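Results of the structural survey
One letter stands for each residue in the lines below.
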Amino acid sequence: MMASHSDTLVVFFGATAGANGGKLGSDEREIILLVWQIVDLHEKKVGKLQRRLVKPDSLELTDQSKEETGLSVEELYKAEPLDKVLQQFQQSVSAELKALGRSSYTLCVDGPLIIRQALHPEASKKNLVLPECFYSFVDVRKEFHKCCPNKFDPHCKLVFESLADHKFSCFEAVKYKLESGACSKTEPVDSETVIRARGLPWQSSDQDISRFFKGLNIAKGGVALCLNAQGRRNGEALVRFINQEHRDLALERHKHHMGSRYIEVYKATGEEFLKIAGGTSNEVAQFLSKENQVIIRMRGLPFTASPQDVLTFLGADSPVTDASDGLLFVKYPDGRPTGDAFVLFSCEEYALNALKKHKQILGKRYIELFRSTAAEVQQVLNRYMSTPLISTLPSSSMVPMPVLATPPYLATGSTRDCVRLRGLPYTAAIEDILEFMGEHTIDIKPHGVHMVLNQQGRPSGDAFIQMRSADRAFMVAQKCHKKMMKDRYVEVFQCSTEEMSFVLMGGTLNRSGLSPPPCKLPCLAPPAYAAFPSPAMLSEAALYQPPLLATPRTPQPPHSPHPTPTLAYYPPQHHPAQLYMNMNMNYTAYFASPPGSVALAAQQPHAQGHVASPMMPQHGALVRMQGLPYNAGVKDILSFFQGYQSPASGQLPAVDLQKKIS
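Cut-offs used in this document
Residues numbered from 1 in each chain as written. Predicted model: local features only at pLDDT ≥ 70, side-chain atom pairs only at ≥ 80, totals over all residues. Heavy atoms only, no water. Helix = DSSP H or I, 4+ residues; strand = E, 2+ residues; numbered from the N terminus. Buried < 20%, exposed > 50% of the residue type's maximum accessible area, 1.4 Å probe, protein only. Areas by Shrake-Rupley, 256 points an atom, 1.4 Å probe, with all protein chains shown as cover. Pairing = 2+ DSSP bridges. Axes fitted to C-alpha atoms, helices over the stretch in contact; angles between N-to-C directions. Contact = heavy atoms within 4.5 Å. Arc of directions from axis to C-beta. Right-handed = clockwise from strand over helix to strand, strands pointing away. Core = buried A, V, L, I, M, F, W, Y, C linked by side-chain atoms within 4.5 Å. Polar contact = N/O pair within 3.5 Å; in protein donor to acceptor, adjacent residues only side chain to side chain. Phe/Tyr/Trp six-rings, centres within 6.5 Å; stacked < 30°, edge-to-face > 60°. Salt bridge = Lys/Arg side-chain N within 4 Å of Asp/Glu carboxyl O.

This part takes up the overall build of the protein. Broken down by element type, the protein carries 18 helices and 29 strands. Looking at the protein as a whole, 47% of its 662 residues qualify as buried. Here the protein displays about 33900 Å² of accessible surface, and carbon together with sulfur accounts for 53% of that area.

See the structure below:
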């Protein structure tokens, strides 16, 4: 039992099988020795020194540990495991307190490392429940320097004399659990309190990250899971601690393990944290204002799903906090639903019942359910609310589309700084590829993972990865070639950016060499629909809007010192209604990184028979249509928009995007 001030102290000490002293716990080695002693400040007496050996799961000692503790593997083999020794600690302390006629004590340590960096992390990994006394303690060294600031290297007798009449003012606490909460974009965040954790398992939640940093106090709402361009977790998180001391201790856990994976821990900034976790929406702030709630994310909801549909789907065994007020539907800026929603539950039991409905059917769709965080709520809402609805196009209602030799963010070149993965399982996702790459993931260029799709838009089993240098690409090809992914081995070859670009644009690369992409043939519109104006050039912004380009660019003026890339297109030859479209961009780009980190392509060489012309910004709108029937043709699409075209301008005004094409 603990007290804010007590005449009885329990001085606690420990050692691990690895580094000790100032590096205690930094190498993730287990505790092998615990020592404690009761001190009666009132009588100025000390009790019997209690010393217990602890048997670790791994019976290996470093030379440093052997020298400092004087212990051997043979001695540890006969010792009790950690949970048994902790029981002995409780029994021993209780018996001595009873003999002294005391009912409370203060736990004291010489520095916080044994509690924060050794005992709590190890207990968390072994699923041990620690006694309450280990959640509140006094750092004797700090207290001594507070009351005797001019004295150094205190020894036991001097400490007792100094603290005999001293009232402890600074109890250190270890949080029992992670506190959820919202973060505003205007909230100041100290950069000396933030870290970036990398290499997290894809299914890890904020609670898993909290357990990884057990013993250190994370700020309220201080775990922000990062999402990739597809809105899925990318294996990184930003974590904010209560102060710099705890942040520095977190950095000591670099390459500690979460399950079988090691986690990299680096310094980050407050600005980075706010970009992920910060929000400004009043609706989100109100949703997250309910404290101590478990957040579940639902994905794949029918667009017509109502709050009552969701509540019925979740059922009576998983009641939502405040019924429909505990639901937050994610929408586009125009109010259209995205199919995502966040749900609040008042306890872990209700949340677990809800998670059991993962991939069950609502309407005609299966619904995915995941644990979520306040930061993920902010991040998803920020992303969807900032998505542009309509992109800019020229004033002409329909124009020839330029044929691109390469997407503007794939710089061509003969440097062999890429690798090709061949033989991927068709079910492989970006997460599988990054896990396959292992420690080499850090050398991937931003937006540098490209999965090749077949004619049906499905994965072809190939992928290209842009590395930071040719040496890195060579290293990956050497170490990962024929490494297993799921039940298949994957071939890894080094290649150039030029070879990669050919394949991504629809060409082939095999033992016979390179075959250019089949983008030389024009696609003709039916003569009956020749009412379109003559060809005009598209603005660069119109061609490369999200989601095609991960980082949108602002069109540069004609006299800019850095002119925009010149794009090749086909001039009209036979009929003004001919539409020249490149339909061979058969890939998807993943592994998004901070904006502005991608090197844009230099001017591309023009294909034979093409005319180069600069892009001129003009007015207009581009509407993207999704969910077209597979047999829909140009006539069906034009009939769909019949009646919406303005005779004066030739432009299409806003239309009901849920109108049906039969």
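Right, let's talk about the sheet that holds strand β11 (residues 233–241) for a bit. Read across the open sheet, the five strands follow the order β10-β11-β9-β13-β12; overall the sheet is antiparallel. This sheet does not close on itself; its edge strands, each paired only once, are β10 (218–227) and β12 (256–258). Going across the sheet, the axis of each strand differs from the next one's by a mean of 30°, ignoring polarity. Taken together, the five bridges between strand β9 (residues 194–198) and β11 define a ladder with antiparallel strand orientation. Bridging from a neighbouring strand, R196 pairs with L238 of β11. Contacts from helix α9 (residues 270–277) reach β9, β10 and β11 within the one sheet, and its direction differs from that of β10 by about 70°.

Taken residue by residue, helix α15 (residues 470–480) has A473, V476, A477 and C480 as its buried positions. Looking straight down α15, one finds its buried side chains confined to an arc of 100°; they lie on one side. Turned more than 90 degrees away from the buried face of α15, the exposed residues are D471 and Q478. Where α15 is buried, its residues touch β20 (418–422), α14 (430–437), β22 (459–467), β23 (483–485) and β24 (488–495).

All right, on to the pairing of strand β5 (residues 106–109) then. With burial as the criterion, each face of β5 is covered, one bearing T106 and C108 and the other bearing L107 and V109. Bridge count for strand β1 (residues 8–16) against β5 is four bridges, and the pairing is parallel. Residue F12 lies in a different strand from β5, and its bridge partner there is V109. Sheet analysis places β5 next to strand β6 (residues 136–139), joined by two bridges and oriented parallel. In the sheet register, C108 faces β6, and the bridge partner there is V138. Read as a crossover between parallel neighbours, the route from β5 over helix α4 (residues 113–125) to β6 is right-handed.

As a further point, take the nonpolar core. F12, L34, F89, I115, F134 and F213 are the most contacted members of the largest nonpolar core, which has 48 residues in total. What F89 contacts, discounting residues up to four positions off in sequence, is V10, F12, W36, Y105, L107, C133 and F134. Counting 23 residues, the second largest nonpolar core, distinct from the first, contains V419, A428, I465 and V490.

Right, let's talk about the environment of E179 for a bit. Structurally, E179 is set in the loop between β7 (172–173) and β8 (183–184). In the structure, E179 is positioned 114 residues away from Q293 in sequence and 9.2 Å away in space, judged by C-alpha atoms. Ignoring any residue separated from it by four or fewer positions in sequence, one finds E179 in contact with A219, K220 and G221. At 3.0 Å, the side chain of E179 and the side chain of K175 are in polar contact.

Tracing the backbone shows T193 in the loop between β8 and β9. On the accessibility criterion, T193 (6% relative accessible area) is buried. One polar contact links the side chain of T193 to the main-chain carbonyl oxygen of D190, over a distance of 2.6 Å. Apart from the residues within four sequence positions on either side, T193 is in contact with V239, R240, F241, N243, Q244 and R247.

One pass over the structure, following the stated rule, counts seven aromatic pairs. Relative to F134, the ring of F89 has its centre 5.4 Å away and its plane inclined at 35°; by these criteria the two rings are tilted. One end of the pair, F89, is in helix α3 (residues 82–100); the other, F134, is in the loop between α4 and β6, and 45 residues separate them in sequence. The residues F89 and F134 share a single accessibility class, namely buried. Clustering of aromatic rings is evident, with ring pairs tying together F12, W36, F89 and F134.

Here we come to unusual backbone geometry. Backbone geometry at N127 places phi at a positive 55°, although glycine is not the residue there. The topology assignment puts N127 in the loop between α4 and β6. Despite not being glycine, A323 shows a phi value in the positive range, around 55°. Its place among the elements puts A323 in the loop between α11 (307–314) and β16 (327–331). By relative accessible area, which is 40% here, A323 ends up partly exposed.

With that settled, the discussion passes to the pattern of salt bridges. Here the structure, examined in full by the defined rule, presents 31 salt bridges. Residue R196 is joined to E272 by a salt bridge in which the shortest nitrogen-to-oxygen separation is 3.4 Å. In this pair, R196 is assigned in strand β9 and E272 in helix α9, connecting sequence segments 76 residues apart. Overall, the relative accessible area of 15% leaves R196 in the buried class. Of the charged contacts in the structure, one is a salt bridge between R371 and E348, with a shortest N-O distance of 2.1 Å. On the criterion of sequence distance, the pair formed by R371 in strand β19 (residues 365–371) and E348 in helix α12 (residues 348–355) is long-range, its members being 23 residues apart. R371 sits in the partly exposed class, given a relative accessible area of 22%. A relative accessible area of 36% places E348 in the partly exposed class. Linked through salt bridges whose partners overlap, the residues forming this network are E30, D57, E122 and K126.

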